[in-house]
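Structural overview for review
As a plain string of letters, each chain reads:
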Amino acid sequence: MSTNRDVTRIVRSWLNEDRHEDADRVLNTVLDQLDTTPQRRSLWSARRFLAMNSPMRIGLAAAALVVAALVGYQLLSGPNIAGPGPSNLTPIELPSTVPLPAGSPVELPSAAPLAAGTYFIRNPYTDDDPVRSCDSGCADYTRIVFTLPDGWATTDGFVHKEFGQAGEVAFKAWTPGEIYLDPCHWQESSTGPISHADDSSGAIVVVDQFPLLNQVGTSASGPTNVVLGGQRSLRIDVSIPAELDIATCDRGEFRSWTEWDVVDGANSHHASGQIDVVYFVDVDRRTLFVDVSYLPGASEADLAEMAAILSSMVIER
Amino acid sequence: MDTDLVVRAQGGDQEAFADLAATIADRFLATSHRILSDIDLAEDATQQALLSIWQDLPQLRDPARFEAWSYRLLVRACYAEGRRTRRWAPNIRLLPVDEPMAADGFSSVVDRDQLERGFRRLSLKHRSVVVLYHYLDLPLDQVAEVLGVPVGTVASRLHYAMRAMRTALDADARPTSREAAQ
C-alpha cells in the first residue's frame with residue numbers, strides 16, 4: 001500500500017523525466033503561418049473621440065447627455081422591452097417603427113460591415129473557442145437571433161453603428177463574472193456577485209445590494225422586470241458622468257464587469273457620458289447580459305433602429 | 001516573461017512573437033505531451049495554441065498575465081485535440097496486466113507503464129490539473145485561473161486524480177491471482 005506522499009513523489013518524478021521533446025519543427029510551422037494568419041484586433045485599447053481634446057469632448061457630452069437620455073430611454077422602451085425607466089425623464093414623441101428585413105439567420109462574422117438581414121450570435125462558450133469554455137457551466141442559451149436594417153456593422157461581438165464616434169450605438173451579449181464596485185479604479189476595486197431571485201409573484205428581484213445599482217461614480221436606475229428576446233429579464237440603466245475623464249481611470253479603462261471564464265476579460269467599452277441599458281436575461285446556470293450602449297451624440301434615428309433590433313430579438317435556449 | 005516582447009507581439013511584430021514563441025514552445029510541447037500522453041497530438045495542440053496566441057494576443061489587456069492566459073489557450077487546445085481524437089478512437093478499456101511486480105510494490109523502481117496506464121485513465125480535466133500543479137508547479141489559484149474554474153474545483157480534481165493514481169498504482173502492484181497461488 002502506497003502513501004499519499006509516495007504517490008505525489010512518484011508522479012512528480014515521472015512528470016519531470018526528460019521525454020526528449022523538441023518543439024523546433026512545431027515552432028517553424030507556426031512561424032511560417034504568421035503571414036497568412038491575421039491577428040484579431042481588440043477594441044479595448046481603442047480610444048474614442050481621438051480627434052477631440054478633452055474639454056471639447058466633455059462639452060459635447062454634457063450638452064448632448066440630457067437629450068440622449070430622454071430619447072434613448074423612450075426609444076429603448078419598445079413593446080418587447082417594456083417597463084418604466086427613470087421617473088424624472090419626460091416622454092417624447094416616438095418615431096415610426098423602423099422596417100426590418102426578414103430572412104433566414106446567418107452567423108454574425110467577427111468583424112465586418114453588415115448587410116440588412118437576420119443574424120445570430122452563437123453562445124461562444126459552447127463551441128471550440130480557445131478562450132472560453134462551458135466546462136464549469138456557462139449561461140444556458142444557444143444563440144441570439146436578431147434582424148438588422150442597413151448600415152450596421154460588427155466588431156469583436158459588438159453590433160454597432162457609428163462605432164468609436166460621438167454618435168455610437170451598440171449592443172453586445174456578455175456572460176459576466178462579477179461587477180466592479182469602483183469601475184474607474186478597478187485595479188483596487190472589490191467585486192460583487194450577480195445575484196437575483198424570484199419573488200412570490202414570479203417577478204425577478206435583485207438581492208445582496210445588487211452591485212450594478214451601487215457602483216462608485218455612476219448613476220443607475222431600475223431594476224425593472226421586462227421581457228427581452230422572449231426571456232424574462234431585468235433592466236438596469238447605468239450612465240457614466242459626462243465630466244469623467246476615463247483617461248484618468250486605472251490604465252485608462254473604465255471596467256464595469258469581468259467576463260466570466262476569460263483570463264483578464266472585462267467590459268471596458270465605455271466613454272464619458274455613455275448610457276448602458278443592461279438586460280439581465282434569466283437563463284439557467286449563469287446570467288446572460290445584453291448590454292445596449294449609446295453615446296450622447298447618438299441620433300434619434302439610430303436609437304429607433306436599435307429599439308427595432310431589440311424588438312426583433314429572440315434568445316434561443 | 002519579457003512583457004516588452006508581449007507588447008511588441010501584440011502590436012503585430014512577428015519578430016517579437018518569434019522570440020516569445022521560442023521561449024515557450026518547448027515548455028508548451030512538454031506540457032501538452034504530458035496532458036495528452038501522445039507526442040503527435042501534443043505537437044498539434046502546441047501548434048494550435050501558438051497560433052491562437054498570435055491571433056488573440058491583441059485582446060490580452062494586461063501583458064503581465066501572459067503566462068496564465070497562454071497556458072489557458074494551450075489547455076483548451078489539448079481539450080480540442082482530445083475531443084477530436086475521441087471521435088475516431090476505438091473504445092479500448094485498459095485492464096490490469098499480469099506481470100510480475102517488485103515485492104515492495106513501486107517503492108523502489110516504478111514501472112513507467114503503470115504510471116502511464118493510471119494517468120491515461122484520468123479525464124483530460126484531471127490530467128490537466130495534475131500537470132499544471134505537479135509539473136509546472138503552478139499554485140492552486142493560478143491553476144484555477146488557467147482552467148477558469150474555482151480553486152475548490154481544482155483542489156477537488158487534484159485530490160480525485162491523485163487518489164485514482166494511487167489506486168491504479170496499488171492495483172498494478174498487487175500480486176495477481178496467479179502469482180498469489182504460486
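Scroll up to find the structure.
These numbers come from a predicted model, not from an experiment. (Residues numbered from 1 in each chain as written. Chains lettered and ligands numbered in written order. Predicted model: local features only at pLDDT ≥ 70, side-chain atom pairs only at ≥ 80, totals over all residues. Heavy atoms only, no water.)

With that settled, the discussion passes to the interface of chain B and chain A. Tallying the contact residues gives 60 residues for chain B and 54 residues for chain A. Considering only the surface of chain B that becomes buried against chain A, B:Arg34, B:Arg61 and B:Arg166 emerge as the three largest contributors, covering 16% of it. Summed over the shared surface of chain B and chain A, the result is seven salt bridges. A salt bridge links B:Arg76 to A:Asp261, with the shortest nitrogen-to-oxygen separation between them at 3.5 Å. In this structure, the connection of chain B to chain A is made through 18 residue pairs in polar contact (both at pLDDT 80 or more). Of all the secondary-structure elements, those providing two or more residues to the side of chain B that touches chain A are helix H1 (3-10), helix H2 (14-36), helix H3 (39-56), helix H4 (66-88), helix H5 (112-120), helix H6 (124-135), helix H7 (140-147) and helix H8 (151-173) of chain B. Ranked by the residues each element gives to the side of chain B that touches chain A, the list is headed by H2(B), at eleven residues. Looking at the side of chain B that touches chain A residue by residue, the class counts come to 31 nonpolar, twelve polar and 17 charged. (Contact = heavy atoms within 4.5 Å. Buried area = accessible area lost by both parts, 1.4 Å probe. Salt bridge = Lys/Arg side-chain N within 4 Å of Asp/Glu carboxyl O. Polar contact = N/O pair within 3.5 Å; in protein donor to acceptor, adjacent residues only side chain to side chain. Helix = DSSP H or I, 4+ residues; strand = E, 2+ residues; numbered from the N terminus. Nonpolar A, V, L, I, M, F, W, Y, C, P; charged D, E, K, R; others polar.)

Attention now moves to the sheet that holds strand S4 (residues 143-148) of chain A. All names here are of chain A. The four strands lie next to each other as S1-S3-S4-S18, forming an open sheet whose pairing is mixed. Taken across any chain shown, the strands that pair with only one partner, and hence form the sheet edges, are strand S1 (106-107) and strand S18 (314-316). Summarising the sheet, S1 and strand S3 (residues 117-122) pair through two bridges and their orientation is parallel. Pairing of glutamate 107 across the sheet is with phenylalanine 120, part of S3. Against the sheet, helix H4 (residues 300-312) engages S4 and S18, with an angle of about 140 degrees to S4. (Pairing = 2+ DSSP bridges. Axes fitted to C-alpha atoms, helices over the stretch in contact; angles between N-to-C directions.)

Another point: the sheet that holds strand S12 (residues 219-228) of chain A. Residue and element names in this part refer to chain A. One open sheet accounts for eight strands, arranged S2-S5-S6-S7-S17-S16-S13-S12; its pairing is antiparallel. Because the sheet does not close on itself, it has two edges, and the strands there are strand S2 (111-114) and S12. Here the strands of the sheet are splayed against their neighbours by 20 degrees on average, with no regard to which way each runs. Contacting strand S5 (152-155), strand S6 (158-161), strand S7 (169-174), S12, strand S16 (275-281) and strand S17 (288-294), H4 crosses the sheet at an angle of about 30 degrees to S7.

Here we come to the state of the cysteines. All names here are of chain A. Counted by the stated rule, this structure contains one disulfide over all chains. Through a disulfide, cysteine 184 is tied to cysteine 249; the S-S separation comes to 2.1 Å. Around the S-S axis, the bridge from cysteine 184 to cysteine 249 shows a dihedral of about -105 degrees and counts as left-handed. Of this pair, cysteine 184 sits in the loop between strand S8 (176-180) and strand S9 (191-192) while cysteine 249 sits in the loop between strand S13 (231-239) and strand S14 (257-259); the two residues are 65 residues apart in sequence, bridging distant segments of the chain. Like cysteine 184, the residue cysteine 249 is buried in the burial classification. (Disulfide = S-S within 2.5 Å. Buried < 20%, exposed > 50% of the residue type's maximum accessible area, 1.4 Å probe, protein only.)

Tallying each qualifying case throughout the model produces twelve aromatic pairs over all chains. Considering the side-chain rings of A:Tyr125 and A:Trp260, the 5.2 Å spacing of their centres and the 40 degrees angle between planes classify their relative orientation as tilted. Pair noted here: A:Tyr125 is in the loop between S3 and S4 and A:Trp260 is in the loop between S14 and strand S15 (266-267), with a separation of 135 residues, a long-range link. For the pair shown, A:Tyr125 and A:Trp260 are each scored as buried. Joined through ring pairs, the aromatic side chains of A:Phe158, A:Phe163, A:Trp174, A:Trp257, A:Phe280 and A:Phe289 make up one cluster. Its guanidinium or amino end placed over the ring of B:Tyr135, B:Arg27 lies 4.8 Å from that ring's centre, counting from NZ or CZ. (Phe/Tyr/Trp six-rings, centres within 6.5 Å; stacked < 30°, edge-to-face > 60°. Lys NZ or Arg CZ within 6 Å of the ring centre and 35° of its normal.)

Shape is all these values report; function is a separate question.
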